[in-house]
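# Residue-level structure breakdown
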Amino acid sequence: MPSTFFGLYISTSGILAAQAGLQTTAHNTANENTKGYTRQVATMQASSPARAYARYGMIGSGVDVISIDQMRDSYYDVKYRSNEAKLHEFTTKRNYTLQIEDYFNEIETDGFTTEYKNMFTTLKSLQGNPSSLNYRTEFLHYCNSVADYFNEIQTNLEGLQRECNTEVSNLTGRINNLSSQIASLTKQINTVEQTGAAANDLRDKRELLLDELSAIVPIDISENTTVNGTTHYQVKVNGFILVNDYDAHELVVVARENPNNKFDSPNLYDVYYYYNEELGSGTEFNVQSMGLSGELRSTLDMRDGNNGAANPNPNAEIKYKGIPFYYEKVQEFKETMAKAFNDIHQKATIIDENGNEVPANYNLENKTTEDIPIFVLSPNGELSVNQDLLDHPEWMAVSTHPIQDGVDNAGLLDRFLKLQDAPIYRNGKATEYLESITTEISIDTNKAKTFEKNYENIQTSIENQRMAYSGVDGDEEGMNMVKYQEAFDLSSKMISVMARIYDKLINETGV
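All of these numbers come straight from a predicted model, not from anything done at the bench.

Taken as a whole and judged by the stated rule, the model has one cavity of 30 Å³ or more. For the largest cavity, the calculated volume is near 60 Å³. Considering the residues around the largest cavity, the lining is formed by L157, E158, Q161, N261, F263, D264, I323, P324, Y327 and E328. Counting residues per element, the ones that place at least two in the lining of the largest cavity are α4 (133-193) and α7 (322-347). The greatest single-element share of the lining of the largest cavity, amounting to four residues, is contributed by α7. Partitioning the lining of the largest cavity into residue classes produces five nonpolar, two polar and three charged.

So, in structure tokens, the structure goes:
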């Protein structure tokens, strides 16, 4: 049979339960604006009843707080992290494509268009005065300006590619750092929870790190309870294990020996899951070939382009262009322009009265210019005007016949002038070819913006669903505070009533 003072024990359990509820409410309220915090609730149940050995059977023994639980749904976590990877992929691509778009914007303003037009305007002026060194010099300097303009675009693209390469290293370092922190927190969580306590706040820290990691690479998480009460915890990326309980696997970056693309910057990084320096080989952590999303994927796409494939098949579909694509487009223009001008300046011929093909490119020194190009391309693809011509503009050929009686002619200039509107750039004019480049980069930018906006909207929807379940609501916590306060007051009142009953029983009841 229960003790005479059993009512005090029951009331005390009510006070303790209400106190636990109030403390949990206070903790929730304090962390209402804490990023990554998950609302907690005090889970209560009736204590095991006591046998009364009477007709009415058993007597309730009060209430127990069995746990402080997190209100978290893993379903929303999976949805959030899957979308987070896609969102950051297109956010990163938008940022980079906007930079490339800025590099090409001058084509339509005061960059290429103006200098290219001035180049041919000067040639027309030279037609009226073929012997003018001033017009020759002016033309050559406009040629140099056009060459410098395209070289500058490529220099900017090279710099952007190096930035992407640095970011690949930084992102790999962040993956390693986050994996290490997650492994460390897993050990702390298991240590705490082996005592029977709930490591809720430590779990919140780990979940926040997982959210951050999912923005870089899509992750798969598994957590299974073992026989001794601990959990077996793993974080994987497409089957590659990053975290295995208390151990974190470290990815490595290795400088690429052979470039994927002809004009790639040297020492671009490849990411390896495992790498043997002695053998110079290992298991590559290639998120592109895995078909994954995330910030690392988009940075590699932008840096490598051409689907990230070395020596890509020219007939293969290009899923993402990237920096190399636009670099090659500019290089193709430079090579086409240089070849067109040089072919006229070096290889122009006419048929003489004997039916023989003879040179038709003469300079002011009455010499042919078969060995004097206007444009020069260096081995690394840099375009420049022949320095010999800049130093000696009289060496530039504009005549189709040797100078006679000191009178020069400008027959060669007609061929140069036709290049302005010649469809030699993939069957289009120079301006049309360059406009096609700006159109392509604009399409890429708008595509990235559109997808980013779509995934932002999806993320907002998922976050709202997630917060509706896991977030702290001030109004709800206010109601809980009143509820637990009243429960505390009622249990205290019950003890006061019990005290008066026991006082009457003990002090005023005689035998």
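Once that is clear, we can look at the sheet that holds strand β7 (residues 240-244). Taken in spatial order, the four strands line up as β5-β6-β7-β8 in an open sheet, and their pairing is antiparallel. Edge positions in the sheet fall to β5 (220-225) and β8 (247-248), since each of these pairs with one other strand and no more. Here β7 runs beside β8; their pairing, made up of two bridges, is antiparallel. Looking across to β8, one finds that V243 is bridged to A248. Packing of helix α5 (residues 200-216) onto the sheet brings it into contact with β5, β6 (231-237) and β7, and relative to β6 it is tilted by some 15°.

Remark: helix α3 (residues 112-128) packs on α4, axes separated minimally by 9 Å, with the N-to-C direction vectors making an angle of 160°. With respect to α4, the element α3 is oriented roughly antiparallel. In the crossing of α3 with α4, the sense of the turn from one axis to the other is left-handed. Contacts between α3 and α4 involve F112, E115, Y116, N118, M119, T122, L123, S125 and L126 from the former and Y135, R136, E138, F139, Y142, C143, S145, V146, Y149 and F150 from the latter.

Relative to the assigned elements, S214 resides in helix α5. With a relative accessible area of 0%, S214 lands in the buried category. Dropping the residues within four chain positions of it, S214 is found in contact with R81, E84, A85 and I219.

Quick look at the side chain of N190 now. Mapped onto the fold, N190 is located in helix α4. Setting aside chain neighbours within four positions, we find N190 in contact with T230, T231 and Y246.

This part is about the layout of surface pockets. One simple way to see leftover space: roll a probe sized like a water molecule over the atoms. Here the largest pocket defines a volume of roughly 580 Å³. Elements with a minimum of two residues in the lining of the largest pocket: β4 (63-70), α2 (74-104), α5 and β5. When its residues are assigned to classes, the lining of the largest pocket shows nine nonpolar, seven polar and 11 charged.

Turning our attention to the environment of G471. Following the sequence through the fold, G471 ends up in the loop between α10 (430-470) and α11 (474-507). The class of G471 is buried, set by a relative accessible area of 6%. The spacing of G471 and S145 is 326 residues in sequence and 60 Å in space, taken between C-alpha atoms. With sequence-adjacent residues up to four places away left out, G471 is seen in contact with R39 and R466.

What follows concerns the sheet that holds strand β11 (residues 281-284). Taken together, the three strands give an open sheet; going across it, the order is β9-β10-β11, and neighbouring strands pair in antiparallel fashion. Every other strand in the sheet has two partners, leaving β9 (252-255) and β11 as the edge strands with one partner each. Averaged over all neighbouring strand pairs, the angle between strand axes comes to 65°, with direction disregarded. The sheet contacts of α4 involve β9 and β10 (269-276), and relative to β10 the element is tilted by about 40°.

Scanning the model with the defined rule gives 27 salt bridges in all. The closest approach of N and O atoms between D77 and R72, which form a salt bridge, is 3.0 Å. Of the residues examined, D77 reaches a relative accessible area of 5% and is grouped as buried. By relative accessible area, which is 22% here, R72 ends up partly exposed. For the salt bridge of D301 with R297, the shortest nitrogen-to-oxygen distance reads 2.9 Å. Note that D301 and R297 are positioned in helix α6 (residues 295-304) at a spacing of four residues, about one turn of the helix. Across the pair, exposure class does not vary: D301 and R297 are buried alike. Residues joined in a network through salt bridges with shared partners are R72, D77, R81, D204, E207, D211, E463 and R466.

It is at 10 Å that the axes of α4 and α7 come closest, and there the two elements cross at 160°. By the criterion of interaxial angle, the relationship of α4 to α7 is roughly antiparallel. Where α4 crosses over α7, the handedness of that crossing is left-handed. Seen from α4, the contacting residues are F139, V146, F150, N151, I153, Q154, L157, E158, L160, Q161 and C164; seen from α7, they are I323, P324, Y326, Y327, V330, Q331, F333, K334, M337 and F341. Grouping the constituent residues of the contact of α4 with α7 by class yields 15 nonpolar, four polar and two charged.

Averaged over all residues, the pLDDT of the protein equals 87, while 91% of them reach at least 70. Mean pLDDT in the protein bottoms out at strand β12 (residues 349-351), which sits at 65, and peaks at β7, which reaches 95.

Here we come to the packing of aromatic side chains. As enumerated under the stated definition, the model contains 21 aromatic pairs in all. Between F139 and F341 the ring centres are 6.3 Å apart and the planes differ by 40°, which places this aromatic pair in the tilted class. In this pair, F139 sits in helix α4 while F341 sits in helix α7, placing the two residues 202 residues apart along the sequence. Assessed through its relative accessible area of 1%, F341 is described here as buried. Three or more aromatic residues link up through ring pairs in this structure, and these residues are Y116, F120, F139, F341, F375 and F416. Seen from the ring of Y320, K93 lies directly overhead, with NZ or CZ sitting 4.2 Å from the centre. The ring of Y484 carries the charged tip of K483 above its face, separated from the ring centre by 5.0 Å.

Analysis parameters
Residues numbered from 1 in each chain as written. Predicted model: local features only at pLDDT ≥ 70, side-chain atom pairs only at ≥ 80, totals over all residues. Heavy atoms only, no water. 1 Å grid on protein atoms, 1.4 Å probe; cavity = no way out; pocket = protein on both sides within 12 Å on 5 of 7 lines; lining within 4 Å. Points joined across faces, edges and corners; volume = space filled by probe spheres on them. Helix = DSSP H or I, 4+ residues; strand = E, 2+ residues; numbered from the N terminus. Nonpolar A, V, L, I, M, F, W, Y, C, P; charged D, E, K, R; others polar. Pairing = 2+ DSSP bridges. Contact = heavy atoms within 4.5 Å. Axes fitted to C-alpha atoms, helices over the stretch in contact; angles between N-to-C directions. Parallel < 35°, antiparallel > 145°, perpendicular 65-115°, else oblique. Left-handed = near helix turned anticlockwise from the far one by under 90°. Buried < 20%, exposed > 50% of the residue type's maximum accessible area, 1.4 Å probe, protein only. Salt bridge = Lys/Arg side-chain N within 4 Å of Asp/Glu carboxyl O. pLDDT = per-residue confidence, 0-100. Phe/Tyr/Trp six-rings, centres within 6.5 Å; stacked < 30°, edge-to-face > 60°. Lys NZ or Arg CZ within 6 Å of the ring centre and 35° of its normal.

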